[in-house]
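Remarks on the overall topology
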Amino acid sequence: MLVAFGSAKGAPGVTTTARVMASVWPAEVVLVDADPAGGDVSLLARTPDRTALDPERGLLSLAADARRGLVQGGVGEHLQQIEGGLDVLCGVSTPEQMTGIASVWPALAGELATVRGTDVIVDCGRVAASSPVLPVALSADVLVLVARPRLESFAHLRERLRWLAHLQDTTARVPAVGVVLVADDRDKRSLSDLGQLLAHERLPATVLGQVALDEKAADVVAGRLERPIVRSLLVRSVRQLVEPVAALAASRGAVRRPA
Ligand SMILES: Nc1ncnc2c1ncn2[C@@H]1O[C@H](COP(=O)(O)OP(=O)(O)OP(=O)(O)O)[C@@H](O)[C@H]1O
Ligand SMILES: [Mg+2]
């Protein structure tokens, strides 16, 4: 199962949500940092020995293999383990590096969609026609867009969903699309406002739920703070999203158009 996370605009919490989701995913999973603007995981995460990750080992080394046609060996040798035991495929350091490997993304997308024995969660950063990692977002089983309950965030989200709906009409393979809101736990209205907006505009996306706004826990995820977060609002809220995300991914057959 390939689960892609992305945003329409801004920095709503894609990396944080994807990382927490990977850490609570109930099956074998690999986290891929594919943000074209430059990955954050290799900067923020540490190995189990608390040393820095090797930024050359990950997407860059996998792309080099892909160019030489060697990718059939799988992604395994390009993964690094981070504290907590999660296996990650580190991203690029600069947008220019991502442009440099743009030509292999269609091949890598196929590879990531069919990794044996593990699910794959990918941080795609901003999702747009110009994104080099669009082939990954589109070959996912589910694309989860992360948004905040703000006027401009909803407006940009709506535009992304219109564009995705258009792609669904014109492209053979499209993922099921879901939306999660990063919002205050006490905010009980925004999610239904969003649902109404999508229904009113007949946008083909499923509102999956809410990720709790939890600054302290988000700081821990980003390595700015140390404390246990297993029982934090953030982790508990993301845990509750696992089932709806997996269910939407499993429904992908229903929205896949004939090739
Ligand atoms: N659930 C949350 N509660 C509180 N703060 C959060 C939450 N999720 C993310 N943040 C904070 O918001 C900021 C952006 O988060 P993050 O890097 O995850 O977003 P992003 O969408 O991946 O951004 P970018 O587009 O820059 O990659 C960070 O400071 C992060 O700690
Ligand atoms: Mg990010």
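Residues numbered from 1 in each chain as written. Chains lettered and ligands numbered in written order. Predicted model: local features only at pLDDT ≥ 70, side-chain atom pairs only at ≥ 80, totals over all residues. Heavy atoms only, no water.

So, the site of ligand 1
Selection criterion: The rule for a residue being near a molecule or strand is that one of its heavy atoms must lie within 4 Å of it. Here a polar contact is taken to be a pair of N or O atoms separated by no more than 3.5 Å, where protein atoms must pair a possible hydrogen donor with a possible acceptor and residues adjacent in sequence count only if both atoms sit in side chains. In short, Shrake-Rupley with a 1.4 Å probe defines the accessible areas, and a residue's cover is counted only from the protein chains shown. Lining residues are those with an atom within 4 Å of a point, where the points come from a 1 Å grid over the protein atoms alone and group into cavities, where a 1.4 Å probe fits but cannot get out, or pockets, open sets with protein on both sides within 12 Å along at least five of seven lines. Occupancy of a cavity or pocket is assigned to a molecule whenever over half of its atoms lie within 2 Å of that pocket's grid points. Each helix corresponds to a stretch of at least 4 residues labelled H or I by DSSP, and each strand to a stretch of at least 2 residues labelled E; elements are numbered beginning at the N terminus.
Around ligand 1, the surrounding shell holds 19 residues, and the nearest of these are Val-14, Thr-15, Thr-16, Asp-214 and Arg-224. Interatomic distance of 3.3 Å between a backbone N/O atom of Pro-12 and an oxygen atom of ligand 1. Ala-212 is positioned with one of its backbone polar atoms (N or O) 2.9 Å from a nitrogen atom of ligand 1. If ligand 1 stood free it would expose 620 Å²; the protein chains cover 76% of that surface. The pocket occupied by ligand 1, as judged from atoms lying within 2 Å of grid points, is the second largest pocket. Per-element accounting of the shell around ligand 1 gives the leading share, 3 residues, to helix H1 (residues 14–24).

Some details on the side chain of Ser-7
Where we set the bar: Exposure categories follow from relative accessible area, calculated using a 1.4 Å probe and restricted to protein chains: below 20% of the type maximum is buried, above 50% is exposed, and the middle band is partly exposed. Here, two residues are considered to be in contact whenever any of their heavy atoms come within 4.5 Å of each other.
Secondary-structure assignment places Ser-7 in strand E1 (residues 2–7). The class for Ser-7 is buried, based on a relative accessible area of 3%. Apart from residues no more than four positions distant in its own chain, Ser-7 is found in contact with Pro-12, Val-14, Gly-125, Arg-126, Val-127, Leu-145 and Val-146.

Comments concerning the layout of surface pockets
How we decide: Grid points are joined across faces, edges and corners, and a volume is the space filled by probe spheres set on the points. Classes in brief: Ala, Val, Leu, Ile, Met, Phe, Trp, Tyr, Cys and Pro nonpolar; Asp, Glu, Lys and Arg charged; the others, Gly included, polar.
Considering only enclosed or pocket space, the largest pocket measures out at about 770 Å³ in volume. Taken together, 25 residues line the largest pocket, and the ones lying closest to its centre are Arg-19, Glu-83, Val-220, Val-221 and Ile-229. Take the lining of the largest pocket: its biggest share by element is 4 residues, from H1. Each residue belonging to the lining of the largest pocket can be placed in one class, and the counts come to 14 nonpolar, 4 polar and 7 charged. By volume, the second largest pocket amounts to about 610 Å³. Lining the second largest pocket are 31 residues, with Ala-11, Gly-13, Val-14, Thr-15 and Thr-16 positioned closest to its centre. Looking at the lining of the second largest pocket, the elements with two or more residues in it are H1, strand E5 (119–126), strand E8 (206–212) and helix H9 (215–221). If one sorts the elements of the lining of the second largest pocket by residue count, H1 sits on top with 5 residues.

Let's talk about the nonpolar core
The condition is simple: To define a nonpolar core, start from buried Ala, Val, Leu, Ile, Met, Phe, Trp, Tyr and Cys residues and group those joined through side-chain atoms within 4.5 Å.
Counting 47 residues, the largest nonpolar core has Val-32, Trp-105, Leu-161 and Leu-164 as the members making the most contacts within it. The greatest single-element share of this core, amounting to 6 residues, is contributed by helix H7 (residues 151–170). The residues touching Leu-164, leaving out its near neighbours within four places in the chain, are Leu-138, Leu-143, Leu-145 and Val-177. Counting residues in hydrophobic clusters, the runner-up holds 39 residues, among them Trp-25, Val-144, Leu-208 and Val-220.

Some points on the pattern of salt bridges
Worth spelling out the cut-off: By salt bridge we mean one thing: a side-chain nitrogen of Lys or Arg within 4 Å of a carboxyl oxygen of Asp or Glu.
Applying the stated rule across the entire model yields 10 salt bridges. Notably, a salt bridge pairs Asp-65 with Arg-68, separated by 3.1 Å at the nearest N-O pair. We note a salt bridge from Arg-158 to Glu-201, for which the minimum N-O separation is 3.8 Å. With Arg-158 in helix H7 and Glu-201 in the loop between helix H8 (190–200) and E8, the pair connects residues that are 43 residues apart, well separated along the chain. Taking the relative accessible area as the measure of exposure, Glu-201 reaches 25% and is therefore partly exposed.

Re the packing of H1 against helix H10 (residues 233–250)
Each pair of packed helices can be summarised by the angle the axes make with each other and by the distance between the axes. Which entries qualify depends on this criterion: Axis angles are defined between N-to-C directions and span 0 to 180 degrees, where every axis is a line fitted to C-alpha atoms and, for a helix, only to the segment in contact. The scheme is simple: roughly parallel for angles under 35 degrees, roughly antiparallel for over 145, roughly perpendicular for 65 to 115, oblique for anything else.
In the contact formed by H1 and H10, the axes pass within 9 Å of each other and the chain directions differ by 75 degrees. Taken together, H1 and H10 sit at an angle that is classed as roughly perpendicular. Every residue of H10 that contacts H1 at Thr-16, Thr-17, Val-20, Met-21 and Val-24 is listed here: Leu-234, Val-235, Val-238, Arg-239, Leu-241, Val-242 and Val-245. A class-by-class count of the residues in the contact of H1 with H10 yields 9 nonpolar, 2 polar and 1 charged.

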